[in-house]
Amino acid sequence: MLLGVVAGACLIFLTLQTRGYGSGASDVLTLVTAPVQGTLAGAHRAALGAWTTYVDWKNIRVENQRLRDEAQRLRVEALRVNETVDENRRLRRLLEFKEALPLTTLSGEIIARDWGGWVRSLTVNRGRGDSVTRLAAVIAPDGLIGRVVDVRSGVSIVQVLTDPASTVGAVVVRTRTPGIVEGEPRGTIRLKYMARDGAGIQVGDLVVTWGAGGLFPRGIPIGRVRSIDDRGSALFHYAQLTPAVDFARVDEVLLLIGDGARDVASSFTGGS
């Protein structure tokens, strides 16, 4: 159909041209074809513009994805760098602390935590082959963590101070008030002391290991008094303590593998 129309138009144009009407025929042809050419040119420009827009959009999308991937990679690298810096700082501090202690110790890494609303126990990557013994004290640069209660092949289980079965002989540094630090079912620790001995205890007082019995060296920070539970005429009073060590965040520890009958108070910074 279209081919016939085109052929007919060409035939008419040739006939008019042979009869001397070429100029008029050209004008008529131009008048007829100009709108078609304009429409085709517009359609071509629109198609070209749409294609260019699509290509640009696709390139921008690819570039945005590349930039997102690069930003994510940089964030991960920054986290790794910060983690490495933090780890180096902790290890340097642990090494300096280890060298300052007048005790034989073994460094270890926490590889697992037993949770029950709070940290009940820690697993250290040191065991029978490392000369670790049951009931060995476990400490950090900030203070006492607890004691080893189970030694296995390659690992040891550490009972932390917040375990309700944990008890440690302690003394208030400022008043020299003796007592027992006990773990509580709610994951906190408290100092139990004779009422007659603890009249001068105050919030903020530092509590350290007593050292009696030789299980724990004397002078290891246990915590600070957070509040006092005065039970009137009762034989014993209690003081709630804030632990010196954050058991949920500690990563490296020292295990005592030698004689612990020493006073190590001077080895800890931020003492009384």
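Residues numbered from 1 in each chain as written. Predicted model: local features only at pLDDT ≥ 70, side-chain atom pairs only at ≥ 80, totals over all residues. Heavy atoms only, no water.

J.: Quick question: what am I supposed to make of the packing of aromatic side chains here?
T.: Remark: the centre distance and the inter-plane angle together describe each pair of aromatic rings, the angle taken between the planes. Scanning the model with the defined rule gives one aromatic pair in all. The residue whose ring lies beneath Arg 120 is Trp 118, and the NZ or CZ to ring-centre distance is 4.6 Å. The positively charged end of Lys 192 is found above the aromatic ring belonging to Phe 236, 4.6 Å away from the centroid. (Phe/Tyr/Trp six-rings, centres within 6.5 Å; stacked < 30°, edge-to-face > 60°. Lys NZ or Arg CZ within 6 Å of the ring centre and 35° of its normal.)

J.: What exactly am I supposed to notice about the pairing of strand β2 (residues 119-124) here?
T.: Residues in a regular strand point their side chains to alternate faces of the sheet. Within β2, five of the six residues are buried, which leaves it mostly tucked inside the rest of the structure. Summarising the sheet, strand β1 (residues 105-115) and β2 pair through five bridges and their orientation is antiparallel. Each residue of the ladder has a partner; that of Ile 110, found in β2, is Val 124. If you look at the hairpin formed by β1 and β2, you'll find three residues sitting between the two strands, and Gly 117 has a positive phi there, around 95°. Pairing of β2 with strand β5 (residues 156-160) involves four bridges; the strand directions are antiparallel. Paired with Ser 121 across the bridge in β5 is Gln 159. (Buried < 20%, exposed > 50% of the residue type's maximum accessible area, 1.4 Å probe, protein only. Helix = DSSP H or I, 4+ residues; strand = E, 2+ residues; numbered from the N terminus. Pairing = 2+ DSSP bridges.)

J.: Just to check I follow, could you spell out the pattern of salt bridges for this structure?
T.: Note that side chains of opposite charge can pair when their charged atoms are close. Taken as a whole and judged by the stated rule, the model has 14 salt bridges. A salt bridge links Glu 63 to Arg 66; the shortest N-O distance between them is 2.7 Å. Placement of both Glu 63 and Arg 66 in helix α2 (residues 22-100) is noted, with a separation of three residues, approximately one turn of the helix. Looking at Glu 63, the relative accessible area reads 34%, which means it is partly exposed. With a relative accessible area of 45%, Arg 66 lands in the partly exposed category. Among the salt bridges present, the one from Glu 184 reaches Arg 190, with a minimum N-O distance of 3.9 Å. According to the relative accessible area criterion, Glu 184 is buried, its value standing at 8%. A relative accessible area of 19% places Arg 190 in the buried class. (Salt bridge = Lys/Arg side-chain N within 4 Å of Asp/Glu carboxyl O.)

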